[in-house]
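Each chain is listed here by its residues.
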Amino acid sequence: MNSDFDWGAVREAFPQLLDGFWTTLLATVFGILVAAVLGLAIAIAGRAPSRLVTVPVKAVMEFIRSTPLLVQLVGAATLFTSVEPLTVGIVVLGIHYATYTSEVYRAGIDAVPKGQWEACRALSLTPRRTWQAVILPQAIRNVVPALGNYAISMFKETPYLAVITVHEMVFQARDYGTAHFRYTEVFTLAGLIFLVASYPTSLLMRKLEKRLGH
């Protein structure tokens, strides 16, 4: 392998890595949507009055949190061989991160003043109306920055999808490196693309967090 850094290889590999980047971005966007919706459902289920609901929910959450994402991806891909690897990856990422976003939602819901709950009861609002019109709008507003941070974390963990043959950016970098024996160039380029995409987003999330905090 040639140890000299080849800028020509960088230019040549860029289109292939860009294709992988769009797959990475697609997996992140849909994965965080799954995590956001499912996480909210888990947070609400966790407040159910019946232990028949809360105990199984907590058990499943602990199981998912206690096993590596890589193992979950391989296990799901093995079980669902007829499903597209990208779909499997999106669902597994979404479910994995839902166990964490649920805690974010829980904190947001707990932060809603008790007086809001009491006012809803005084007005005889139904539980559904209470959640939709009063509690969730306040809770979700408080957790948006945290959800954004989890989206960034998910974006940086999409290289795990390569193990189930999803052609994301790191998969494409490895594919190019194997074909041309230029690993340094393509993995450096992949790292720079991750940095360019995630760092400005993290700054935006910090700014949003400060703005919503005032």
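Residues numbered from 1 in each chain as written. Predicted model: local features only at pLDDT ≥ 70, side-chain atom pairs only at ≥ 80, totals over all residues. Heavy atoms only, no water.

Here's the deal with the packing of helix 1 (residues 7-45) against helix 7 (residues 169-180)
Part 1 of the argument: Where helix 1 contacts helix 7, the two axes come as close as 7 Å, and the packing angle between them is 150 degrees. Taken together, the axes of helix 1 and helix 7 are roughly antiparallel relative to one another. Here helix 1 runs over helix 7; the crossing is right-handed. When helix 1 is examined against helix 7, the residues Ala9, Glu12, Ala13, Gln16, Leu17, Asp19, Gly20, Phe21 and Thr24 are found in contact with a partner set consisting of Met169, Gln172, Ala173, Asp175, Tyr176 and His180.
Part 2 of the argument: Of the residues belonging to the contact of helix 1 with helix 7, the class tally is seven nonpolar, five polar and three charged. (Axes fitted to C-alpha atoms, helices over the stretch in contact; angles between N-to-C directions. Helix = DSSP H or I, 4+ residues; strand = E, 2+ residues; numbered from the N terminus. Parallel < 35°, antiparallel > 145°, perpendicular 65-115°, else oblique. Left-handed = near helix turned anticlockwise from the far one by under 90°. Contact = heavy atoms within 4.5 Å. Nonpolar A, V, L, I, M, F, W, Y, C, P; charged D, E, K, R; others polar.)

Structural notes on the confidence of the model for the protein
Part 1 of the argument: Taken as a whole, the protein shows an average pLDDT of 89; of its residues, 97% reach a score of 70 or greater.
Part 2 of the argument: Mean pLDDT per element in the protein: helix 5 (residues 114-122) is the minimum at 84, and helix 3 (residues 69-79) is the maximum at 95. (pLDDT = per-residue confidence, 0-100.)

Considerations on unusual backbone geometry
Part 1 of the argument: Positive phi, normally seen in glycine, also occurs at Ser124, with a value near 60 degrees.
Part 2 of the argument: A residue is classified by how much of its surface remains accessible, and Ser124, at 62% relative accessible area, is exposed.
Part 3 of the argument: Phi angles above zero are rare outside glycine, and Thr165 is one such case at about 65 degrees.
Part 4 of the argument: Here Thr165 shows up in the loop between helix 6 (127-157) and helix 7.
Part 5 of the argument: Under the relative-accessibility criterion, Thr165 is labelled partly exposed at 47%. (Buried < 20%, exposed > 50% of the residue type's maximum accessible area, 1.4 Å probe, protein only.)

Overview of the side chain of Ser102
Part 1 of the argument: Tracing the sequence through the fold places Ser102 in helix 4 (residues 85-110).
Part 2 of the argument: Assessed through its relative accessible area of 2%, Ser102 is described here as buried.
Part 3 of the argument: Once residues lying within four places of it in the same chain are set aside, the contact partners of Ser102 are Gly39, Ile42, Ala43, Met61 and Arg65.

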